[in-house]
Amino acid sequence: MTVAIEFKNIKKQYRDKTILEKFNLSIEEGEFLTVVGSSGCGKTTLLKMVNALIIPDEGQVLVHGKCTQEANIIDLRRRIGYAIQGSVLFPHMTVEENISYVPNLWNKRDKNKTKTAVKKWMDIVGLDEDLLKRYANELSGGQQQRVGIARALAASPDILLMDEPFGAVDEITRTGLQDEIIRIQKESNITTIFITHDIREALKLGSRVLVMDKGEIQQIGKPDEILSNPANEFVERLIAREVNYLTH
Ligand SMILES: Nc1ncnc2c1ncn2[C@@H]1O[C@H](COP(=O)(O)OP(=O)(O)OP(=O)(O)O)[C@@H](O)[C@H]1O
Ligand SMILES: [Mg+2]
């Protein structure tokens, strides 16, 4: 097994507040890691370290063996798809231009290739072609999120970072998108880190689930390990909510 992403002894603080300390984690190529934990515990901070949007105060993040601080940022980010929390689209670009942004960098001479790719991803995330010429402020929150997901995937990344990507979509669409992302990930074997507030979503999608609280790993394991053998009270409480949901 090859390691795709490695957090080595990470420390990160904002002013005098320490968010992460002595944080260590290895993610293997092809893994689908879901991250669940309380608000403000450092999930987004961790994710942004992978594409060097945040640099740790101490320690290193290695992506395919290379330290993010030493890597060429453009090369690094070109290989990483990022669906941002809250789905931030480029406001001055249409849906089509948003999704085409990265593929266009590659297919400079072959615009049709990009057009076909955009159609494919629009279809996968369940967006109507009518929306192609719309701007972000002419879309609903859930539509914007789906464009954000399509944009992240259209870059054909080998690492996919998703920060609560399904937060603003209704339950039925969400279930469909979950099934779709499982399928895409299985087929393409993209190393994926997926943050969610929803333990059910984390258990459904992840090949491994990381449970965090206050910047610390509470437990990391396969979904069935987490369910059958919660490491502490925090994890137990998270799962209790899940069991409640299933039995009520
Ligand atoms: N630029 C910043 N300056 C100061 N504090 C920050 C900054 N960015 C994040 N924080 C703080 O660091 C902590 C961790 O933030 P982070 O965004 O990683 O949390 P999170 O786990 O993703 O939370 P959520 O589930 O709400 O998205 C929070 O307490 C947040 O307020
Ligand atoms: Mg966050």
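All figures in this text were calculated on a predicted structure; none of them were measured in a lab.

Draft legend 1. Region of interest: the layout of surface pockets. Considering only enclosed or pocket space, the largest pocket measures out at about 540 Å³ in volume. Surrounding the largest pocket, 19 residues form its lining, R77, I80, F90, Y101 and V102 being those nearest its centre. When grouped by side-chain class, the residues that make up the lining of the largest pocket number 13 nonpolar, three polar and three charged.

Draft legend 2. A negative patch on the surface, seen in detail. Residues D123, D128, E129 and D130 make up a contiguous surface patch of negative charge. Among the structural elements, E129 can be located in the loop between α4 (111–124) and α5 (141–154).

Draft legend 3. How the structure looks around the packing of helix α3 (residues 95–106) against α4. Orientation of α3 relative to α4, taken along the N-to-C sense of each, is 125°, at an axis distance of 9 Å. Comparing their axes, α4 and α3 come out oblique. Seen along the crossing, α3 lies across α4 with a hand that is right-handed. Here V95, E96, I99, S100, P103 and N104 of α3 lie close against α4, whose contacting residues are K111, T114, K115, V118 and M122. Across the contact of α3 with α4, the residue classes tally to five nonpolar, three polar and three charged.

Cut-off values and rules
- Residues numbered from 1 in each chain as written.
- Chains lettered and ligands numbered in written order.
- Predicted model: local features only at pLDDT ≥ 70, side-chain atom pairs only at ≥ 80, totals over all residues.
- Heavy atoms only, no water.
- 1 Å grid on protein atoms, 1.4 Å probe; cavity = no way out; pocket = protein on both sides within 12 Å on 5 of 7 lines; lining within 4 Å.
- Points joined across faces, edges and corners; volume = space filled by probe spheres on them.
- Nonpolar A, V, L, I, M, F, W, Y, C, P; charged D, E, K, R; others polar.
- Patch = residues over 30% accessible without salt bridge, like charges linked within 9 Å, V, L, I, M, F, W, Y side chains within 5 Å.
- Areas by Shrake-Rupley, 256 points an atom, 1.4 Å probe, with all protein chains shown as cover.
- Salt bridge = Lys/Arg side-chain N within 4 Å of Asp/Glu carboxyl O.
- Lys, Arg positive; Asp, Glu negative; His and termini not counted.
- Charge placed at Lys NZ, Arg CZ, Asp CG, Glu CD.
- Helix = DSSP H or I, 4+ residues; strand = E, 2+ residues; numbered from the N terminus.
- Axes fitted to C-alpha atoms, helices over the stretch in contact; angles between N-to-C directions.
- Parallel < 35°, antiparallel > 145°, perpendicular 65-115°, else oblique.
- Left-handed = near helix turned anticlockwise from the far one by under 90°.
- Contact = heavy atoms within 4.5 Å.

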